[in-house]
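Here are the chains, one letter per residue:
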Amino acid sequence: MLKRSFLYRLISIGVGLVFLFVMATGVLAQDDDTAAEETVAEEVVAEEVAYTDVELVQYNLDMTWMLTAGFLVFFMQAGFAMLEGGFIRHTGVVNSMAENFMDACITAIVFFLVGFGIAYASSVGDGGVIPILAGIGIGTTLTLSPSEIPVGGLDPYADFFFQFAFAGAAATIATGAMAERTDFRGKMIYSAILGALIYPVVVFWSVWNGGFLGELGMIDFAGSTIVHQTGGVIALIGAAIVGPRVGREWGSPPKPSNLMLASLGTFVLWFGWYGFNVGSTLAASDVHLMGLVAVNTTLAAAASAVTAMGFVYARTGKWDMGFILNGSLAGLVGITAGCAFVSPTAALIIGVTAGFVVVLAVDAVEMAKIDDAVGAFAVHGACGMLGTLAIGFWGAPELLGDGNPYGLFLGGGVELLISQVIAVVVVTLWAAVTAVIMFGALNAVGLLRMSDAANEIGIDAHEHDASLYGDILITLPTPESGD
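In this report, we go over the structure that sits alongside the text. (Residues numbered from 1 in each chain as written. Predicted model: local features only at pLDDT ≥ 70, side-chain atom pairs only at ≥ 80, totals over all residues. Heavy atoms only, no water.)

So, on to the overall build of the chain. In terms of regular secondary structure, the chain is built from 15 helices and two strands. Buried positions account for 49% of the 483 residues belonging to the chain. Taken as a whole, the chain presents about 21,800 Å² of accessible surface, with 70% of it coming from carbon and sulfur. (Helix = DSSP H or I, 4+ residues; strand = E, 2+ residues; numbered from the N terminus. Buried < 20%, exposed > 50% of the residue type's maximum accessible area, 1.4 Å probe, protein only. Areas by Shrake-Rupley, 256 points an atom, 1.4 Å probe, with all protein chains shown as cover.)

Here it is, written out as structure tokens:
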């Protein structure tokens, strides 16, 4: 009996221990499952946070690059001023500097109040022809505190600054063509009109805002037509209406006052053009595209400068520094529309073509007896048209995207070329008609050309009571002197 009782107790203790072991194992397993679930949840949250951080970093990088590119484009104002000051005579340099400086100042104000709102307005009906303004200027876009702006899309402040820099470049093109004889009051008025209305309407119609030209298939990555052709056509009309400089002899334009200054200005413009073209990616997320645009920009500028230099040398036997400089600018303008859509080989071809076009366009303007002091139409107008049309010939299918029309010379047919031709014609007509009205009105009220009294002493002395060298008053020779 004693042995049996002991055995029962031993069995009971064993069963109890097994039961306790099973229960403890279940609890521990449950705890492990809970811990595992908590760990997985924490990892998911961590991944989500990390992903959000990556997006935020990329967004900040994109907007920082866009602002930096805008700074480069704004710096081009200095390049335009130096180029123009070097190309014209000493007696007009101070006036030229003042005009270029006011281009930036006036455009900043009118583009903020009116121009930006037109350029990126919605449209009346379909097609993007007539803009609907959401109020004065930019409406409520820039009334938000920076902390209230959601992440995603373009930051409105960065976007406005970048677009303003482009508007300023368009406004200053005509300044060079009309240098040395434009009334300073008239210059400020036409800069305001150009920045508030003429240029913004082109942007509104274009592919940048999805207007009717964009819907027709127009392609212009960074502004060969939108910026440069617009400014170049206005420059040509302005130079024709304001008339030639005093003492101007056709076939023998006045010598530049300072080719070193003009050369430095051209280098500044070339440097700024990387902001103009590469910055038009509007993001820093695709370094391959950014690299392509930078290479194409460089090759076109270099090829055009070499071509223009060689072409002029073949005709004159001289290495003409003015055409070397304008040749490089012609290539930069010519590649601006297609810098993201053509191959580097095509960029070289476009640059070579621009080198010939700029020389022939200068000849044509001279033959028409229009005094374009810096060759603004040849560089910006003629080569702006060339650059936009070039996409119709050399646009690469792999860069334009599947299903989109591409260049004629690459087997893409004429569809894209026709769209480009329409855009060039429409912008030419708009810029020419509005320029005739604007400059004609200024001329009618006596605000376009400086007074006859200024012909005797030069525009710097007459308009600003100043000279390039502060202690030396430089004056023009009288027409009777024969100089």
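Positionally, Glu180 belongs in the loop between helix H3 (156-177) and helix H4 (184-205). Side chain to side chain, Glu180 and Arg89 meet in a polar contact 2.8 Å long. One polar contact links Glu180 to Arg245, side chain to side chain, over a distance of 2.6 Å. Setting aside residues up to four positions removed in sequence, Glu180 forms contacts with Ile88, Arg89, Thr91, Gly92, Arg245, Met450 and Ile459. (Polar contact = N/O pair within 3.5 Å; in protein donor to acceptor, adjacent residues only side chain to side chain. Contact = heavy atoms within 4.5 Å.)

One number sums up the size of the largest pocket: a volume of about 900 Å³. Lining the largest pocket are 30 residues, with Pro253, Pro254, Asp320, Phe323 and Val362 positioned closest to its centre. For the lining of the largest pocket, the elements supplying multiple residues, two or more each, are helix H8 (287-316), helix H9 (321-336) and helix H10 (344-367). (1 Å grid on protein atoms, 1.4 Å probe; cavity = no way out; pocket = protein on both sides within 12 Å on 5 of 7 lines; lining within 4 Å. Points joined across faces, edges and corners; volume = space filled by probe spheres on them.)

Attention now moves to the packing of H8 against H10. In the contact formed by H8 and H10, the axes pass within 7 Å of each other and the chain directions differ by 40°. The orientation of H8 relative to H10 falls into the category oblique. Our pair here, H8 against H10, has a crossing hand that is right-handed. Contact residues: H8 offers Leu292, Val295, Asn296, Leu299, Ala300, Ala303, Ser304, Thr307, Ala308, Phe311, Val312 and Arg315, while H10 offers Pro344, Ala347, Leu348, Gly351, Val352, Ala354, Gly355, Phe356, Val358, Val359, Leu360 and Asp363. Partitioned by chemical class, the residues of the contact of H8 with H10 number 17 nonpolar, five polar and two charged. (Axes fitted to C-alpha atoms, helices over the stretch in contact; angles between N-to-C directions. Parallel < 35°, antiparallel > 145°, perpendicular 65-115°, else oblique. Left-handed = near helix turned anticlockwise from the far one by under 90°. Nonpolar A, V, L, I, M, F, W, Y, C, P; charged D, E, K, R; others polar.)

What follows concerns unusual backbone geometry. Backbone geometry at Leu282 places phi at a positive 60°, although glycine is not the residue there. Mapped onto the elements of the fold, Leu282 is located in the loop between helix H7 (259-277) and H8. The backbone of Lys369 shows a phi angle near 60°, a positive value even though the residue is not glycine. Structurally, the position occupied by Lys369 is in the loop between H10 and helix H11 (376-394). Residue classification places Lys369 among the exposed positions, given a relative accessible area of 55%.

Further remarks concern helix H13 (residues 415-444). Over its 30 residues, H13 extends 44 Å from the first C-alpha to the last, a length consistent with the 44 Å expected when each residue adds 1.5 Å. Remark: Gly446 follows H13 within two positions and exhibits a positive phi of approximately 75°. (Expected span 1.5 Å × (residues − 1).)

The next subject is empty space enclosed by the protein. Enumeration according to the criterion identifies one cavity of 30 Å³ or more in this entry. Roughly 110 Å³ of internal volume is contained in the largest cavity. Breaking the lining of the largest cavity down by element, the ones donating at least two residues are helix H1 (2-87), H3, H9 and H11. Residue composition of the lining of the largest cavity, grouped by class: seven nonpolar, five polar and one charged.

Among the nonpolar cores identified, the biggest contains 113 residues, and Tyr199, Val227, Ile234, Trp273, Phe276, Val358 and Phe439 are the most heavily contacted of them. No other element matches H3, which puts 13 residues into this core. With near-sequence residues (within four places) excluded, Val358 lies in contact with Ala308, Phe323, Asn326, Gly327, Ala330, Ala378, Val379 and Cys383. (Core = buried A, V, L, I, M, F, W, Y, C linked by side-chain atoms within 4.5 Å.)

What follows is about the environment of Trp270. Looking at where Trp270 falls in the secondary structure, it is placed in helix H7. When the C-alpha positions of Trp270 and Ala301 are compared, they lie 8.1 Å apart, and in sequence the two are 31 residues distant. In this structure, Trp270 is in contact with Thr298, Ala301, Ala302, Ser328 and Leu332, ignoring residues within four places of it in sequence.

A few words on the packing of aromatic side chains. Taken as a whole and assessed by the stated rule, the structure comprises 20 aromatic pairs. Their ring planes at 70° and their centres at 5.2 Å tell us that Trp205 and Trp430 sit as a pair that is edge-to-face. Taken together, the positions of Trp205 in helix H4 and Trp430 in helix H13 put the pair 225 residues apart, joining distant regions of the chain. Through pairs of rings, three or more aromatic residues link up here, namely Phe111, Phe112, Phe116, Tyr120 and Phe160. (Phe/Tyr/Trp six-rings, centres within 6.5 Å; stacked < 30°, edge-to-face > 60°.)

Scope: geometric values only; no functional claims are made or implied.
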